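Take a look at the letters that make up each chain.
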Amino acid sequence: MSAEAADREAATSSRPCTPPQTCWFEFLLEESLLEKHLRKPCPDPAPVQLIVQFLEQASKPSVNEQNQVQPPPDNKRNRILKLLALKVAAHLKWDLDILEKSLSVPVLNMLLNELLCISKVPPGTKHVDMDLATLPPTTAMAILLYNRWAIRTIVQSSFPVKQAKPGPPQLSVMNQMQQEKELTENILKVLKEQASDSILVLEAALKLDKDLYVHTMRTLDLLAMEPGMVNGETESSTAGLKIRTEEMQCQVCYDLGAAYFQQGSTNAAVYENAREKFFRTKELITEIGSLSLHCTIDEKRLAGYCQACDVLVPSSDSTSQQLTPYSQVHICLRSGNYQDVVKIFIEDNLTFSLPVQFRQSVLRELFQKAQQGNEALDEICFKVCACNTVRDILEGRTISVQFNQLFLRPNKEKIDFLLEVCSRSINLEKASDSLKGNMAAFLKNVCLGLEDLQYVFMISSHELFITLLKDEERKLLVDQMRKRSPRVNLCIKPVTSFYDIPASASVNIGQLEHQLILSVDPWRIRQILIELHGMTSERQFWTVSNKWEVPSVYSGVILGIKDNLTRDLVYILLAKGLHCSTVKDFSHAKQLFAACLELVTEFSPKLRQVMLNEMLLLDIHTHEAGTGQSGERPPSDLISRVRGYLEMRLPDIPLRQVIAEECVAFMLNWRENEYLTLQVPAFLLQSNPYVKLGQLLAATCKELPGPKESRRTAKDLWEVVVQICSVSSQHKRGNDGRVSLIKQRESTLGIMYRSELLSFIKKLREPLVLTIILSLFVKLHNVREDIVNDITAEHISIWPSSIPNLQSVDFEAVAITVKELVRYALSISPNNHSWLIIQADIYFATNQYSAALHYYLQAGAVCSDFFNKAVPPDVYTDQVAILCQFLREIDYKTAFKSLQEQNSHDAMDSYYDYIWDVTILEYLTYLHHKRGETDKRQIAIKAIGQTELNASNPEEVLQLAAQRRKKKFLQAMAKLYF
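Residues numbered from 1 in each chain as written. Predicted model: local features only at pLDDT ≥ 70, side-chain atom pairs only at ≥ 80, totals over all residues. Heavy atoms only, no water.

In the nomenclature of an unreviewed UniProt entry, the protein corresponds to INTS8 TPR repeats domain-containing protein from the organism Felis catus. Taken verbatim from the UniProt record of the protein, the Sequence similarities (unreviewed entry) comment is "Belongs to the Integrator subunit 8 family." (UniProt positions renumbered as here; feature names shortened; annotations may be inferred.)

Here it is, written out as structure tokens:
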């Protein structure tokens, strides 16, 4: 060892190993001691904490000299922080169980997007369009990790979450929690929209027959070096941590099974897919055995899934005798055959094969259906509850509150059924003394609880009662009942209150909270809250359900209400109304909002205006989802209220951004352009960016038929959108050729963010407005200097042809926006030929020629009655022509060059009947003769010999022949793609 190296080693070993807690991440960053820290037995901070801190530090925005917030700088420190976060995850071997348990959804989303970037997955490219078999192993594994996490997160979000009891409300903490919740919901929304693509990616992964590799700390270090030093090692088949094919497939099968199982709640047929994946997972676990290093499956949970699938998807050859009790109960519930459920439960009281928890869950499901208005289930609920109660007392448990509640008003039918259940639930010849004693005590207690003597005699004279109780016990019981009967008469006594049931206060509160969660009747909600507040003054009942969400702009005002009951009632009515509106239950939403409006009108003008605004939004949604879908115009009163909201100038009223968006979109969708362009107050254009944008869109639509020089508003709209799509500072590529892994795309310079603009556009349905917006973004996309293939669009000529500062525009964001907008537009009108051409041009520009041809053909088909009419020339221009002879001036040079290529298919001659240009056919004859292809030459000669193509024919005959062949060719192509 050299002296210099020795000195360096001594200096390193003398450094402290435990950094100060205040700057530990700086210590790890500057001293490169991450690996040493992670090798400690119990590192502090823990690895997952390191990931959070590294990413938080790297994504912190900066502030410039003008005190403006800027995106995180793309500097060496931030790139290293991101790399360190990835290295910590690599140290944890990318175990999703560990990462999901410790990291929030936004942090894990950021981490996995970093992995995609560093694994060279092109940004903006759909994973479903990528061929995993041809990708480098680490790239394919990164895509699998991301899509596995995506569907796991969707499944996890469907599970109920027990909310922690909150302390005293602190607005700053609540706002922070609300922001994180909103960010998580936005990510979940995107993941759910892409769920079908993620499932397709994972299904494709099951077809792979090669081992994959995931990045390790070493391969990540290699990627951080200069490109010339890597030597391609990170993309070879031996770099990184090896994941065997069987292990990968086992994990993917399990995750797919969970996803299919979750989807089965809305589509029962999908349960079959879940069953297939879960049983394949079991097979793979058996194959892998103890050799698995990276496959971690919760086998107990897997067994539960498999058992559930056996119930939900029984084998087709199974008979009712072969089905398990689980399967029989599920089939009965699904078919509405509830009486058979009762029979199964009575039989199970002898065998004890069904778990008590399962029986209780069935009763809860029936209770919920009964509370939703199915009164026919009241009798079934009592019968199932009676069966469960008998099972409980046989096993020594106490009588449930539900049974006492349902048995408050006994009648002859209930007594008869209860005695039947008791008789059929015990085999007196084989039953133990403890079972007989439990049953006898139950019957005795039922008698003591009855106040009508005739019902007591029904039980005491029953054969089972006589068998289980001795003569002395029976006589003593009857004497007790006779002594008290003159003082009590159930027939004239008022109905007993639920709270007279002998049960603890906590049980009663839990029952009422359960009813509070389920109820959508405002007056019932009020009654429940009055009862709850009468029982305890220590609880905040607006926190009972984590599904009750009120926008943060409202929560501060509502939680400031001093009276606890009023505060809970206002919060819950508004939260339930918003939820009903979200799920399109508009009738209940209107009832809840009306009750809330009536309540707040008494004490808060501010909340009164809030409720009027929410009721306006509800009425807009109601119309759009109802008569508006058939094209019926909204009533004039609704239009007037929308105008009133836009012009409202009340101070200190909390306003939701979405209401302004919906009001302006509403005016554009119903072509209220006159108001937006001429009548909207001037102050609105300065204070409300959505009104400004709506005014420019409406004015552009009005000016569209006029001459180009009069389209001043089109230029104004162009400048506004360009500003929105601009970045506030220019980021340069680093010396090492790498770009930032987390890059801020939103601009602070325009009247709104690009994401807000996109959200607003997706509320529009008016075809002309959507066409204008699409053409603007297409033109903005075409302006960039490195564009090879322009995208075409209607009215594209009204926009400026250049931008003074090209570097200021985020063209990557513009390209993504164009794709999202055309996808949305086609969801509104799938047969709009101009939008189909835009989609085709996008695919063509990105070298996805098969998809491009599909949309070109679809565009031609929709405007020509499936090619039975001529395709308009403005649809199939020379730029869209799919054959050389389709051009106005036939391109013989390209045609002859294509025909000379050796890679033409053997079946090419089957298309000769579609060629009408004699020159091309003559060249084919010559070419086949030169190649010695006699059969193909004869086919070409036969095509030339058709009388329709004779050059001496009149021009109209030749044109008719060409049109007929065009039609046949295009229809043949369409059949291949549609």
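Structure's up, so let's keep going.
Caption draft 1: Main features of the overall build of the protein. For the protein, the count of helices and strands is 46 helices and four strands. By sequence separation, contacts in the protein at least 24 residues apart represent 67% of the contacts at least 6 residues apart. As displayed, the protein has an accessible area near 50,700 Å², and 52% of this comes from carbon and sulfur atoms. (Helix = DSSP H or I, 4+ residues; strand = E, 2+ residues; numbered from the N terminus. Contact = heavy atoms within 4.5 Å. Areas by Shrake-Rupley, 256 points an atom, 1.4 Å probe, with all protein chains shown as cover.)

Caption draft 2: Seen up close, the side chain of Thr677. By the secondary structure assignment, Thr677 is in helix 34 (residues 673-679). Polar side-chain contacts of Thr677 include one of 3.3 Å to the backbone oxygen of Glu674. Once you skip the residues sitting within four places of it in the chain, Thr677 turns out to touch Gln695, Ala698, Ala699 and Lys702. (Polar contact = N/O pair within 3.5 Å; in protein donor to acceptor, adjacent residues only side chain to side chain.)

Caption draft 3: Summary view of unusual backbone geometry. Non-glycine residue Lys93 carries a positive phi angle of around 60°. You can see Lys93 is positioned in the loop between helix 5 (76-91) and helix 6 (96-102). Of note in this structure, Trp94 is not a glycine but carries a positive phi near 55°. Assignment of secondary structure puts Trp94 in the loop between helix 5 and helix 6.

Caption draft 4: Broad picture of the confidence of the model for the protein. Summary statistics for the protein give a mean pLDDT of 79 and a share of 80% for residues scoring 70 or more. Confidence drops under pLDDT 50 across residues 317-321; counting only partners more than four residues distant or on other chains, this segment forms three contacts. Note that pLDDT drops below 50 for residues 738-745; the model gives that stretch 22 contacts with residues more than four away or on any other chain. (pLDDT = per-residue confidence, 0-100.)

Caption draft 5: View of the packing of helix 17 (residues 338-351) against helix 19 (residues 377-394). Two numbers describe how helix 17 lies on helix 19: the axes approach to 10 Å, and their chain directions differ by 10°. By the angle between their axes, helix 17 is roughly parallel relative to helix 19. Contacts between helix 17 and helix 19 involve Tyr338, Gln339, Val342, Phe345, Ile346, Asp348 and Asn349 from the first element and Leu377, Ile380, Lys383, Val384, Cys387, Asn388, Val390, Arg391 and Leu394 from the second. A per-class count over the contact of helix 17 with helix 19 returns ten nonpolar, three polar and three charged. (Axes fitted to C-alpha atoms, helices over the stretch in contact; angles between N-to-C directions. Parallel < 35°, antiparallel > 145°, perpendicular 65-115°, else oblique. Nonpolar A, V, L, I, M, F, W, Y, C, P; charged D, E, K, R; others polar.)

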